[in-house]
Amino acid sequence: MYTSGYANRSTTLASTLNKLNHVETSSITTGLISEMVYREDQPWMTQLLLLPLLQQLGQQSRWQLWLTPQQKLSREWVQSAGLPLTKVMQVNQLSPSVTLDSMIKALRTGNYSVVIGWHSEELTAEEHRLLAMAAEEGNAIGFVMRPIRHDPLAARQLSGIKIHSNLYH
């Protein structure tokens, strides 16, 4: 009995994802801000999650803006990741406050399908509100990348989403 319910849910999820994949890229962007927390010792995990969306947004005529702290994107990585080299723009940022201000201004212009910026602290409610308004105004997506360091000796569990399954309860 649980199996059929689970199968129906996964079929519904699969059909929903399938429908989303068929939606035109230009209609997907409606203004969105997402804070992406990642472990610095596992950058591939972020790439695995973020690259498919960036590749899809690369089909738009608008630019992708990367506001990076210090590192420079290599042409080889951009091309091997399947991102359009002619639509990726990178600006090195000096401080987190400059990054957030730059993100707000860039999102608001509507020139970018996506703006990615690095910020070391969790966003305040006001910062998130300002970014969300700018993303909505420019019909763009903003990703605030926040690195955390892996501490193998950490005793407490980090807060996060807990997914409960009816199969085990």
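The name that an unreviewed UniProt entry assigns to the protein chain is Cell division inhibitor SulA, with the source organism given as Kosakonia quasisacchari. In its Subunit (unreviewed entry) section, UniProt records this for the protein chain: "Interacts with FtsZ."

(A) Highlighting the packing of aromatic side chains. In the structure shown here, the tally under the stated rule is two aromatic pairs. Look at Trp 66 and Trp 77: their rings are 5.8 Å apart centre to centre, the planes differ by 80 degrees, and that puts the pair in the edge-to-face class. Highlighted residues: Trp 66 in strand S2 (residues 63–68) and Trp 77 in helix H4 (residues 75–80), separated in sequence by eleven residues. Owing to a relative accessible area of 6%, Trp 66 belongs among the buried residues under this scheme. Grouping aromatic residues by their ring pairs yields a cluster made of Trp 66, Trp 77 and Trp 118.

(B) Spatial organisation of helix H5 (residues 96–109). Look at H5: 20 Å from first C-alpha to last across 14 residues, which is about the 20 Å you get at 1.5 Å a residue. Restricting attention to buried positions, one finds in H5 the residues Thr 99, Leu 100, Met 103, Ile 104, Ala 106 and Leu 107. Check the buried side of H5 and you find it contacts strand S1 (32–39), S2, strand S4 (112–118), helix H6 (125–138) and strand S5 (141–148). Gly 110 sits one or two positions beyond H5 and adopts a positive phi of about 85 degrees.

(C) Quick peek at the environment of Ser 34. With respect to the helices and strands, Ser 34 occurs in strand S1. Overall, the relative accessible area of 25% leaves Ser 34 in the partly exposed class. Taking C-alpha positions, Ser 34 is 9.0 Å from Ala 132, a pair spaced 98 residues apart along the chain.

(D) Representation of the nonpolar core within the structure. Membership of the largest hydrophobic core comes to 17 residues, with the highest contact counts inside it found for Leu 54, Trp 66, Leu 83, Val 114, Ile 116, Phe 143 and Met 145. Mapped onto this core, the elements with two or more residues apiece are S1, helix H3 (43–57), S4 and S5. When neighbours within four sequence positions are excluded, Trp 66 is seen to be in contact with Leu 54, Leu 73, Trp 77, Leu 83, Val 88, Met 89, Gln 90, Val 91, Ile 116 and Trp 118.

(E) Geometry of H6. Along its 14 residues, H6 runs 20 Å from first to last C-alpha, staying within 8% of the 20 Å computed at 1.5 Å per residue. Along H6, the residues classified as buried are Leu 131, Ala 134, Ala 135 and Gly 138. Projected down its long axis, H6 shows its buried positions confined to an angular sector of 100 degrees, all on one face. Facing away from the buried side of H6 by over 90 degrees, the exposed positions are Ala 125, Glu 136 and Glu 137. At its buried positions, H6 is contacted by S1, H5 and S5. A positive phi of about 50 degrees marks Asn 139, the residue just after H6.

Cut-offs and rules
- Residues numbered from 1 in each chain as written.
- Predicted model: local features only at pLDDT ≥ 70, side-chain atom pairs only at ≥ 80, totals over all residues.
- Heavy atoms only, no water.
- UniProt positions renumbered as here; feature names shortened; annotations may be inferred.
- Phe/Tyr/Trp six-rings, centres within 6.5 Å; stacked < 30°, edge-to-face > 60°.
- Helix = DSSP H or I, 4+ residues; strand = E, 2+ residues; numbered from the N terminus.
- Buried < 20%, exposed > 50% of the residue type's maximum accessible area, 1.4 Å probe, protein only.
- Expected span 1.5 Å × (residues − 1).
- Contact = heavy atoms within 4.5 Å.
- Core = buried A, V, L, I, M, F, W, Y, C linked by side-chain atoms within 4.5 Å.
- Arc of directions from axis to C-beta.

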